[in-house]
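Chains, contacts and geometry: an overview
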Amino acid sequence: MSKVLKCVVLGAAVLLAGCSTKRIAELDSYPGLQLAKNEKWGYEYIEGVTYNYLGTQKGGKDALPVCVAQNVHNKSVTLRGAQGSTFFGGAFLNTSQTSVVGGGNVISYVSDDRNTVIADGTTFIDIGNVLAPNKDAITFRLTAKRGQSGTSLAFSNLERAISESVKLAITGF
């Protein structure tokens, strides 16, 4: 079998493996991971994750809200897709779709004792390659709690959207 054919077969196998409904055993090794199951399609997805950090409180009563405000970003996301773009008569016709979603305040709640902070954030990951660049945006809700034994950070309401793609239509979160 030629190298090209082997690469095509391997690529198809990798793509089909992404459609598998079997549970990935490695996910069990991550403590604090909450999984949910899509009843219609049968796959599992990450619903949230909690990290616990043991240790005594450091800093004053404003330390947790200040830390969250300095480290969580809630930038708006411009979703772009060039699915409809094409070459016609030697010219590139850009019929891409664009929409802006998200953004706003980071901190949505601070308890009276300043030991619980709820914030909304956005982060970006680049999952593409040179031939097919894709950049995804992930929005989340962070609940940060500080107590006598340590600090917990719980991420929930995880949503993912393709923010830039040359192959796919962009539909939002």
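Above this text you will find the structure in question.
For clarity, every value in this text was computed on a predicted model and none was experimentally measured.

1. Description of the nonpolar core
Ranked by size, the top nonpolar core spans nine residues in total: Leu64, Val68, Val72, Val106, Val117, Ala119, Phe140, Leu142 and Ala144. Of all the secondary-structure elements, those providing two or more residues to this core are α2 (63-71), β8 (116-126) and β9 (134-146). Here the element with the most residues in this core is β9; it accounts for three residues. When near neighbours in sequence (up to four residues on either side) are disregarded, valine 68 contacts Val106, Ile107, Val117, Ala119, Leu142 and Ala144.

2. A word on the pattern of salt bridges
One side chain can pair with another of opposite charge once the charged atoms of both are near each other. On inspection of all chains with the given rule, the structure shows three salt bridges. Note that arginine 114 and aspartate 62 form a salt bridge whose closest N and O atoms lie 2.7 Å from each other. In this pair, arginine 114 sits in the loop between β7 (107-110) and β8 while aspartate 62 sits in the loop between β2 (44-54) and α2, placing the two residues 52 residues apart along the sequence. What makes arginine 114 partly exposed here is its relative accessible area of 28%. A relative accessible area of 34% places aspartate 62 in the partly exposed class. Among the ionic pairs, aspartate 120 bridges to arginine 141, the shortest N-O distance being 2.6 Å. Taken together, the residues aspartate 120 in strand β8 and arginine 141 in strand β9 connect sequence positions 21 residues apart. On the basis of relative accessibility, which here comes to 27%, the residue arginine 141 falls in the partly exposed class.

Rules behind the numbers
Residues numbered from 1 in each chain as written. Predicted model: local features only at pLDDT ≥ 70, side-chain atom pairs only at ≥ 80, totals over all residues. Heavy atoms only, no water. Core = buried A, V, L, I, M, F, W, Y, C linked by side-chain atoms within 4.5 Å. Buried < 20%, exposed > 50% of the residue type's maximum accessible area, 1.4 Å probe, protein only. Helix = DSSP H or I, 4+ residues; strand = E, 2+ residues; numbered from the N terminus. Contact = heavy atoms within 4.5 Å. Salt bridge = Lys/Arg side-chain N within 4 Å of Asp/Glu carboxyl O.

Such coordinate-based values are descriptive only and should not be taken to indicate function.
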